[in-house]
Amino acid sequence: MISGLPGVVVVDDKQDELDKIQDAFFSAGIPCLPIRYRNAEPENQSGIDHVNVSEWISPRIVVTDLNLTEANNPSATILVGPLAMMLKKLSVRGPYLLCVWSKLEGLVADVIRLLEERYGDDMTLPLHVSVISKSEFSSNPESLKEKISNLISENLLFDVLLSWESRVSEAGRSAVAALYTMAQRKTVGSSMDERACVLRKVLATIGNEAIGRKNAQEDPALAMETGLIPMLEDQIRSMSSCELNEKWRTAIPEIGTSQTIDSAIKSKLNTFFHVEEVAGDYPKNCRGVFVGLNTDYLDENLQKFEARIGRPMKQLLHDEFLPNTADSSKRELRESARRETILGFLEISPACDYAQKKTKLPKYILGALIPEKFEELTNRSSNLGGGDRAHEGIHRLPKIEVGGETYVLKFSFKYQFGAQPNDNQWFGDSLFRVRDQILSAITYSCSQYASRPGVISFL
């Protein structure tokens, strides 16, 4: 299935008006999907239910009439409902430009205000709103075409984001074209089957080198994505220019200066750049995967776990992740924190061993997800030393989100294990995968901790 196109959707309840705006887009060389709004059908609640839009398009520009239901005495309170229903049906993801194509341009500001107040929690709101007056432009095709051509440039931030999205798509096409050119040069004058055979070999080589031949055989999708991403990045960078630099600088004047952002947004950014949430059945021997402790098995075998780990669970949590204090007022909070903290194991086998399938027992370190509401318990007071770490063998990541909840994530290098995960009853579901760059930082810290020198001195 071809997805992601077109990026422009045009909606109107009158066919002649729909044709005018559609023709303007086509004249400007911009493809669009015209949708006739059907108000007379009771079962068509959004007015566009008859078109299967949500599964295969991702519009960045939505052009719509304001009085979709042809109300006799239109007001903002009457107009906002049908507009919201139609936009929800489109299931727009990410920033988009809403262009109101109407004779009621005087009501647009009030309609958008109500849209933000009433529906902001239920739908994606537009980044920019533009108005095209039917009264002014309907009878002037050339002016309408010019207005359409300049829509995107009305908002610099939207313009630069859409431009980046377009370059990513173009970079993907360029990377695929480069691969095909390699294959064709080796098979000039040969058949289609021979060209396809060479192309498959080129792609297979890339996948094998990316994560190792045996791993690629088990997970070809991961192999190809990992192998092709550097090509995509290289293509994007090759498109940079002084003009592009200036566009980013103009659209985002804050760039290059220190920014203060909400802590919730910070945790979302950390999640985006540091970890990738995965399904529970994600391979537990995959490098960088964090596997939760099997709490069902633990409940019945706590003493066995404590014997293996070498200390009681309560002591383990406080020694490594929730530093204890003498403050009796925190007792209930500490008890809640112990109950809600999620222990798990992070796979940290060397990248070369993982790629070549040399590791007989994948290597794990102990980790803990501590809910954000207990963050104060993760910080040691200054008289205890060590900042927010119980000892030098603790590595803390910035706060991340897992399953919609924000956590403090810590790892302890004191507890390292070799295990066959598929046969290990202590291992529960996979929760997330730490991205390669962050995993490299963790393994580097772990190796430093393991090789730290001990010095005997007499003072």
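Nothing here was measured: the structure is a model prediction, and the numbers come from that model. (Residues numbered from 1 in each chain as written. Predicted model: local features only at pLDDT ≥ 70, side-chain atom pairs only at ≥ 80, totals over all residues. Heavy atoms only, no water.)

Concerning the overall build of the chain
For step 1, the next point in the chain: Regarding its fold elements, the chain presents 18 helices and 12 strands.
For step 2, the next point in the chain: By its C-alpha atoms, the chain is 95 × 75 × 50 Å across when sized along the principal axes.
For step 3, the next point in the chain: Here the chain holds 459 residues, and the buried ones make up 39% of them.
For step 4, the next point in the chain: In the chain, of all internal contacts separated by at least 6 residues, the share reaching a separation of at least 24 is 73%.
For step 5, the next point in the chain: Here the chain displays about 25600 Å² of accessible surface, and carbon together with sulfur accounts for 51% of that area.
For step 6, the next point in the chain: Considering the chain, the positive charge centre built from 53 side chains and the negative charge centre built from 62 side chains are found 8 Å apart. (Helix = DSSP H or I, 4+ residues; strand = E, 2+ residues; numbered from the N terminus. Buried < 20%, exposed > 50% of the residue type's maximum accessible area, 1.4 Å probe, protein only. Contact = heavy atoms within 4.5 Å. Areas by Shrake-Rupley, 256 points an atom, 1.4 Å probe, with all protein chains shown as cover. Lys, Arg positive; Asp, Glu negative; His and termini not counted. Charge placed at Lys NZ, Arg CZ, Asp CG, Glu CD.)

A closer look at the packing of aromatic side chains
For step 1, the next point in the chain: Within this structure, the stated rule accounts for nine aromatic pairs.
For step 2, the next point in the chain: Summarising the aromatic geometry, the rings of Phe345 and Phe427 are spaced 4.9 Å apart at their centres and angled 15 degrees between planes, so their arrangement reads as stacked. Taken together, the positions of Phe345 in strand β8 (residues 342–347) and Phe427 in strand β12 (residues 427–434) put the pair 82 residues apart, joining distant regions of the chain. Both residues of the pair, Phe345 and Phe427, belong to the buried class.
For step 3, the next point in the chain: Relative to Phe427, the ring of Tyr364 lies with its centre 5.0 Å away and its plane at 85 degrees, an arrangement referred to as edge-to-face. In this pair, Tyr364 is assigned in strand β9 (residues 363–371) and Phe427 in strand β12, connecting sequence segments 63 residues apart. You'll find Tyr364 and Phe427 in the same group, each marked buried. (Phe/Tyr/Trp six-rings, centres within 6.5 Å; stacked < 30°, edge-to-face > 60°.)

What to know about the pattern of salt bridges
For step 1, the next point in the chain: Summed over all chains, the structure comprises 20 salt bridges.
For step 2, the next point in the chain: In this structure, Lys14 engages Glu70 in a salt bridge whose closest nitrogen and oxygen atoms are separated by 3.9 Å. Taken together, the positions of Lys14 in the loop between β1 (8–12) and α1 (15–27) and Glu70 in the loop between β3 (61–64) and α2 (76–90) put the pair 56 residues apart, joining distant regions of the chain.
For step 3, the next point in the chain: Residue classification places Lys14 among the partly exposed residues on the basis of a relative accessible area of 36%.
For step 4, the next point in the chain: Glu117 is the partner of Arg113 in a salt bridge, and the nearest nitrogen-oxygen pair spans 3.5 Å. Here Arg113 and its partner Glu117 are both found in helix α3 (residues 108–119), four residues apart, which amounts to about one turn of the helix.
For step 5, the next point in the chain: The class for Arg113 is partly exposed, based on a relative accessible area of 38%.
For step 6, the next point in the chain: Accessibility expressed as a relative area gives 55% for Glu117, which makes it exposed.
For step 7, the next point in the chain: One connected set of salt bridges, linked through shared partners, spans Glu372, Glu375, Arg396 and Lys399. (Salt bridge = Lys/Arg side-chain N within 4 Å of Asp/Glu carboxyl O.)

Quick look at α1
One full turn of an α-helix is made of 3.6 residues, so residues set three or four places apart face in the same direction.
For step 1, the next point in the chain: Between its first and last C-alpha, α1 extends 18 Å over 13 residues, near the 18 Å set by a 1.5 Å rise per residue.
For step 2, the next point in the chain: Taken together, the buried positions of α1 are Glu17, Leu18, Ile21, Gln22, Ala24 and Phe25. Burial along α1 is one-sided: seen end-on, the buried residues are contained in an arc of 155 degrees.
For step 3, the next point in the chain: Next to the buried residues of α1 lie β1, β2 (33–36), β3, β4 (97–102), α4 (134–137) and α5 (141–149).
For step 4, the next point in the chain: One or two residues past the end of α1 sits Gly29, with phi positive at roughly 80 degrees. (Expected span 1.5 Å × (residues − 1). Arc of directions from axis to C-beta.)

A short note on the pairing of β9
Walk down a regular strand and you will see the side chains alternate between the two sheet faces.
For step 1, the next point in the chain: Burial runs high along β9: eight of the nine residues are buried.
For step 2, the next point in the chain: Bridge count for β8 against β9 is six bridges, and the pairing is antiparallel. Directly across from Leu343, in β9, lies its bridge partner Ala368.
For step 3, the next point in the chain: Here nine bridges tie β9 to strand β11 (residues 405–418), and the two strands are oriented antiparallel to one another. Following the sheet pairing, Lys363 is matched in β11 by Gly418. (Pairing = 2+ DSSP bridges.)

Concerning the confidence of the model for the chain
For step 1, the next point in the chain: Per-residue confidence for the chain gives a mean pLDDT of 85, with 90% of residues at or over 70.
For step 2, the next point in the chain: At the level of individual helices and strands, the chain shows its lowest average pLDDT in helix α16 (residues 351–356), which scores 58, and its highest in α3, which scores 95.
For step 3, the next point in the chain: Low confidence marks residues 381–387, where pLDDT is under 50. Its contacts with residues over four positions away, or in another chain, come to four contacts. (pLDDT = per-residue confidence, 0-100.)

Thoughts on helix α7 (residues 192–211)
For step 1, the next point in the chain: Here α7 spans 29 Å end to end across 20 residues, near enough to the 28 Å set by a 1.5 Å rise per residue.
For step 2, the next point in the chain: Along α7, the residues classified as buried are Arg195, Ile206, Gly207 and Ile211. Down the axis of α7, the buried side of the element spans an arc of 115 degrees, and every buried residue falls inside it. With respect to the buried face of α7, the exposed residues turned more than 90 degrees away are Asp193, Lys201 and Glu209.

Points about the pairing of β1
For step 1, the next point in the chain: Most of β1 sits inside the fold, with five of its five residues counted as buried.
For step 2, the next point in the chain: On β1, burial covers both faces: Val8, Val10 and Asp12 on one face and Val9 and Val11 on the other are all buried.
For step 3, the next point in the chain: Summarising the sheet, β1 and β3 pair through four bridges and their orientation is parallel. Looking at the pairing, Val10 lines up with Val63 of β3.
For step 4, the next point in the chain: Two elements, β1 and β2, share four bridges in a ladder whose sense is parallel. Bridge pairing in β2 places Asp12 opposite Arg36.
For step 5, the next point in the chain: Handedness of the crossover is the feature at issue here: the chain leaves β1, passes through α1, returns alongside β2, and the resulting connection is right-handed. (Right-handed = clockwise from strand over helix to strand, strands pointing away.)

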